[in-house]
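A structural walkthrough
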Amino acid sequence: FTSGRSAMSVPVLYTQHDLFCLQEASRRMLYHLKIPHTARVINVFPYAPHLAFWQAVYATNYLGIFGVHTGGGKGMGTSKILDVLEHMGAEVLIGMPSYVYHLLSLAAEKKRDLTSLRYILLGGEAVTHGYIEKIKQLLALCGSHLPLVYCTYAFTEGKVSWTQCHEGSGYHLYPDMEVIEIVDPQGKRVPDGQNGEIVYTGLNFRGTVFLRYKTGDIGQLQVGACPYCGAKTPRLDPAITRSSEITSLQLTKVKGSLVDLNALHALLSSLSFVDEWQLVLQKKEKFDL
């Protein structure tokens, strides 16, 4: 189901054929991530009709990989999940960035042994470089050596997730399953490497099908061979923003000067010592500047 933040929640239906596509997308994700088939995977996405949770389920089941699908803090519970991570010697942790941060903070505080944890796979929320560094610091406190933190990109209407092959790489797309366009405000395609709105069309899907769905996300396409893995399929640049954020921030006049708040957003979010931030602009007194 869609999140229903601005309208009624809408179901996105999968046929059996679509589930096969989901399984194939899962296989490709693990290929790009180079996660071994012998790995133990702990899935802490919330148990819900939610793409990320079910893609993790299908990925492990289809590929025959050991998986524990916990349902997150409201399912198995945070303390029990830490027990599973530690005592089963899990190598892979998959979940929402905010919950993964909470989980690892608690693990560091309680001096849990997560030496085996090697791969962190995140989805559902935007992640900054500063956040990734904080995750690595927490993992180091738990004994993990040189962990790898990967991000994914997805939206309910896309029916599958896309992943990086390397920290900082673009999100590898599946051109036999979908068409991704980058368009200007008039809906016309922009040249590769230029920013615009991400527009999605499903190709190899049945059930619920989307044609030129405007995601509201701003990004750009990368073409040519991937500098990290050499794959020649197109990729979405990892620097993706919401068009609503750009509209609400953009340029603000402060004491007669135009200030680019998007640049401030990028700066504050990248600082490793900043966990959360909020910017408030107000007058000191009623008639002051």
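In the block above lies the structure referred to throughout.
Anyway, here's the lowdown on the structure attached to this text. Position labels on residues start from 1 in each chain and follow its written sequence. Side-chain atom pairs in this predicted model are given and counted only at pLDDT of 80 or more, local residue features only at pLDDT of at least 70, and totals for whole chains, interfaces and linings cover all residues. Only heavy atoms go into the side-chain values, all of them from the structure, while hydrogens and water stay out.

1. Brief notes about the sheet that holds strand β8 (residues 178-183)
Strand pairing in a sheet relies on backbone hydrogen bonds. The paired strands run either parallel or antiparallel. Spatially, β8-β9-β10-β13 is the arrangement adopted by the 4 strands of the open sheet, whose pairing is antiparallel. What marks the edges here is a single partner per strand, and that holds for β8 and β13 (241-242). At least two bridges found by DSSP between two strands is the condition for calling them paired. Only runs of H or I of at least four residues qualify as helices and only runs of E of at least two qualify as strands under DSSP, and these elements are numbered from the N terminus. Direction of pairing for strand β10 (residues 213-219) relative to β13: antiparallel, over a ladder of 2 bridges. The partner of Asp217 across the bridge, within β13, is Arg242.

2. Comments concerning the pattern of salt bridges
Any carboxyl oxygen of Asp or Glu within 4 Å of a side-chain nitrogen of Lys or Arg constitutes a salt bridge here. The full count for this structure, using the stated rule, is 11 salt bridges. Its salt-bridge partner being Glu24, residue Arg27 comes within 2.6 Å of it at the nearest N-O pair. With Arg27 and Glu24 both in helix α1 (residues 16-33), this residue pair falls 3 residues apart, about one helical turn. Partly exposed describes any residue whose relative accessible area lies between the buried limit of under 20% and the exposed limit of over 50%, with all areas from a 1.4 Å probe on protein chains only and scaled to the type maximum. When its relative accessible area of 19% is taken as the criterion, Glu24 is described as buried. One salt-bridge network, held together by shared partners, links Glu24, Arg27, Arg28 and Asp176.

3. Some words on a nonpolar patch on the surface
Judged by side-chain polarity, Trp277, Leu279 and Leu281 come together as a nonpolar surface patch covering roughly 270 Å² of accessible area. The residue Leu279 is located in the segment after α7 (261-270) in this model. Exposure above 30% relative accessible area and the lack of any salt bridge qualify a residue for a patch; like charges then connect within 9 Å, and the nonpolar side chains Val, Leu, Ile, Met, Phe, Trp and Tyr within 5 Å. Surface accessibility follows the Shrake-Rupley procedure with a 1.4 Å probe radius. Residue values consider only the protein chains on display as shielding.

4. A few points about the sheet that holds strand β5 (residues 148-153)
The 6 strands lie next to each other as β2-β1-β3-β4-β5-β6, forming an open sheet whose pairing is mixed. Unpaired on one side and paired on the other, β2 (66-69) and β6 (162-163) mark the two borders of the sheet. Two elements, strand β3 (residues 92-95) and strand β4 (residues 119-122), share 4 bridges in a ladder whose sense is parallel. Bridging from a neighbouring strand, Gly95 pairs with Leu122 of β4. Set on the sheet, helix α4 (residues 97-109) makes contact with β3 and β4; between it and β3 the angle comes to about 130°. The strands that helix α5 (residues 129-141) touches are β4 and β5; relative to β5, the one it contacts most, it runs at about 140°. In what follows, a contact means two residues having at least one pair of non-hydrogen atoms within 4.5 Å. In this analysis an axis means a line fitted to C-alpha atoms, helices contributing only their contacting stretch, and an angle means the value between N-to-C directions, from 0 to 180 degrees.

5. So, the packing of α1 against helix α2 (residues 51-63)
Between two packed helices, what matters for the description is the angle formed by their axes and the separation of those axes. Orientation of α1 relative to α2, taken along the N-to-C sense of each, is 80°, at an axis distance of 8 Å. By the criterion of interaxial angle, the relationship of α1 to α2 is roughly perpendicular. Counted together, Leu19, Leu22, Gln23, Glu24, Ala25, Ser26, Arg27, Met29 and Leu30 of α1 and Leu51, Trp54, Gln55, Tyr58, Ala59, Tyr62 and Leu63 of α2 form the full contact between these two elements. Of the residues contributing to the contact of α1 with α2, the split by class is 11 nonpolar, 3 polar and 2 charged. For classification purposes, an angle smaller than 35 degrees is called roughly parallel, one larger than 145 roughly antiparallel, one from 65 to 115 roughly perpendicular, and anything else oblique. Under the grouping applied here, Gly and all other residues not named as nonpolar or charged are polar, the nonpolar ones being Ala, Val, Leu, Ile, Met, Phe, Trp, Tyr, Cys and Pro and the charged ones Asp, Glu, Lys and Arg.

Purely geometric stuff here, so don't read any function into it on its own.
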